[in-house]
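What follows is the residue order along each chain.
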Amino acid sequence: MKKLIAANWKMNGSLAANEALLGAIASGLPAELTCEVAVCIPAPYWAQFRLLAASMPSLASLALGAQDVSSHASGAFTGEVSATMLKDFACRYVIVGHSERRQYHGESDALVAAKAQQALAAGITPVVCVGETLAEREAGKTTEIVKRQLAAVIHANGHCISEIVVAYEPVWAIGTGKTASPQEAQAVHAVLRAQLTAASAHADRVKIIYGGSMNGSNAASLLAQPDIDGGLIGGASLKATEFLTIVSAASI
Ligand code: PGA
């Protein structure tokens, strides 16, 4: 299966900075991509991405992604953005349940599952993030935590589960410069693969990507693991050279 490299810009960017970064990425991309590349950028800039992609042909090969979506379809939910609004900008992916949203916005497993449901109903692939904190890892609870987080999404989404992407993001590795070793990450990815296999006959289609301080130097060894199907890249996605190195490590 083709690997997926997804940039998570988080709350970074400006009209000028985006144009420079996307321009640098566009000029460094190979003419024919052999992996999937997505950029999950802040909502106010989706229109800018569409305009730039219209004038830079190699940007058109990138998928647009969002970083969050409402768990409701429409209505009186001030500040929220619906899955159909994402669809209007041809977003192909949306990150749901990122640990920063679970931690700072109190998002529960059930809410994350409802967000995944909204995305799937609109034909958008949810990138469902799961991952343990350092305390949970040290208490030997990694498997229990990630399985619980994924189980909520499986429970709510039934047979559509083969349409999701799962991102394993150990919370202690996000933005810290500490990466899970390829073996540590692979062990958790194997657990998630087994859980998906038990839930769906098409689990082999589901990409399970890794996130947490992935960069140009460690990407190749992580991506070489049998159950690591790509990466969700935060900090390193804001530097064109780093990001392009990761894309080339994923290109097979
Ligand atoms: P990082 O972030 O690559 O900066 O660790 C990854 C993420 O939070 O998705």
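*Asks:* Just to check I follow, could you spell out helix α8 (residues 182–199) for this structure?
*Replies:* Quick reminder: α-helices carry 3.6 residues per turn. Residues three or four places apart thus point the same way. In this model, α8 (18 residues) spans 26 Å end to end at C-alpha, consistent with the 26 Å of a helix rising 1.5 Å per residue. Buried residues of α8: Pro182, Ala185, Gln186, Val188, His189, Leu192, Arg193, Gln195 and Leu196, and no others.

*Asks:* For this particular structure, what's the right way to read the site of the ligand?
*Replies:* Taken together, 13 residues sit near the ligand, with Lys10, His98, Glu169, Gly175 and Ser213 positioned nearest. Residue His98 places a side-chain N or O atom 2.7 Å away from an oxygen atom belonging to the ligand. Ser213 is positioned such that a nitrogen or oxygen atom in its backbone is 2.7 Å from an oxygen atom of the ligand. Protein contacts shield 96% of the accessible area of the ligand, which totals 280 Å² for the unbound molecule.

*Asks:* Help me out: how do you make sense of the sheet that holds strand β3 (residues 63–66) in this one?
*Replies:* In a beta sheet, neighbouring strands pair by backbone hydrogen bonds and run either parallel or antiparallel. Read once around its circumference, the closed barrel built from eight strands follows the order β1-β2-β3-β4-β5-β6-β7-β8, with strand pairing classed as parallel. In this sheet, neighbouring strand axes are inclined to one another by 25° on average, regardless of whether the strands run parallel or antiparallel. Taken together, the four bridges between strand β1 (residues 4–8) and strand β8 (residues 230–233) define a ladder with parallel strand orientation. Residue pairing in the sheet places Ala6 in a bridge with Leu232 of β8. Seen against the sheet, helix α2 (residues 46–55) touches β2 (36–40), β3 and β4 (91–96) and runs at an angle of roughly 175° to β3.

*Asks:* What exactly am I supposed to notice about the pairing of strand β6 (residues 165–168) here?
*Replies:* The two faces of the sheet receive side chains in turn, since in a regular strand these alternate between them. Judged by which residues are buried, β6 turns out to be covered on both faces: Val165 and Ala167 on one side and Val166 and Tyr168 on the other are all buried. Where strand β5 (residues 125–130) and β6 come together, four bridges link them in parallel fashion. For Val127, the partnering residue across the bridge sits in β6 and is Val165. The handedness of the β6 to strand β7 (residues 207–211) crossover, carried by α8, is right-handed.

*Asks:* How do you make sense of the packing of helix α7 (residues 142–157) against α8 when you look at a structure like this?
*Replies:* In a packed pair of helices, the relevant descriptors are the angle between the two axes and the axis-to-axis distance. Running from amino to carboxyl end, α7 crosses α8 at an angle of 35°, the nearest separation of the two axes being 10 Å. As α7 packs across α8, the resulting crossing turns out to be right-handed. Here Thr142, Thr143, Val146, Lys147, Leu150, Ala151 and Ile154 of α7 lie close against α8, whose contacting residues are Val188, Val191, Leu192, Gln195, Leu196 and Ala199. Partitioning the contact of α7 with α8 into residue classes produces nine nonpolar, three polar and one charged.

*Asks:* Would you mind going over the side chain of Glu132 with me for this structure?
*Replies:* Here Glu132 shows up in the loop between β5 and α6 (134–138). Only 2.8 Å separates the side chain of Glu132 from the side chain of Arg137, close enough to count as a polar contact.

*Asks:* Hey, could you run me through the pattern of salt bridges in this one?
*Replies:* Where charged atoms of side chains with opposite charge meet at close range, the side chains can pair. If you walk through the whole model with that rule in mind, you get 13 salt bridges. For Glu107, the salt bridge goes to Lys115, with nearest N and O atoms at 2.7 Å. Comparing Glu107 with Lys115, the two get one shared label, buried. As a salt-bridge pair, Arg137 and Glu184 come within 3.9 Å of each other at their nearest N and O atoms. With a gap of 47 residues between them, Arg137 in helix α6 and Glu184 in helix α8 connect regions that are remote in the sequence. In this structure Arg137 comes out as partly exposed when scored by relative accessible area, which is 23%.

*Asks:* Honestly, the environment of Gly230 in this entry has me stumped. Any pointers?
*Replies:* Residue placement: Gly230 occurs in strand β8. On the accessibility criterion, Gly230 (0% relative accessible area) is buried. The spacing of Gly230 and Ile5 is 225 residues in sequence and 5.3 Å in space, taken between C-alpha atoms. Discounting residues that sit within four places of it in the chain, Gly230 has contacts with Lys3, Leu4, Ile5, Ile208, Ile209, Tyr210, Met214 and Leu223.

Thresholds, definitions, all that
Residues numbered from 1 in each chain as written. Predicted model: local features only at pLDDT ≥ 70, side-chain atom pairs only at ≥ 80, totals over all residues. Heavy atoms only, no water. Helix = DSSP H or I, 4+ residues; strand = E, 2+ residues; numbered from the N terminus. Expected span 1.5 Å × (residues − 1). Buried < 20%, exposed > 50% of the residue type's maximum accessible area, 1.4 Å probe, protein only. Near = heavy atom within 4 Å. Polar contact = N/O pair within 3.5 Å; in protein donor to acceptor, adjacent residues only side chain to side chain. Areas by Shrake-Rupley, 256 points an atom, 1.4 Å probe, with all protein chains shown as cover. Pairing = 2+ DSSP bridges. Axes fitted to C-alpha atoms, helices over the stretch in contact; angles between N-to-C directions. Contact = heavy atoms within 4.5 Å. Right-handed = clockwise from strand over helix to strand, strands pointing away. Left-handed = near helix turned anticlockwise from the far one by under 90°. Nonpolar A, V, L, I, M, F, W, Y, C, P; charged D, E, K, R; others polar. Salt bridge = Lys/Arg side-chain N within 4 Å of Asp/Glu carboxyl O.

Just geometry here; none of it tells us what the structure is for.
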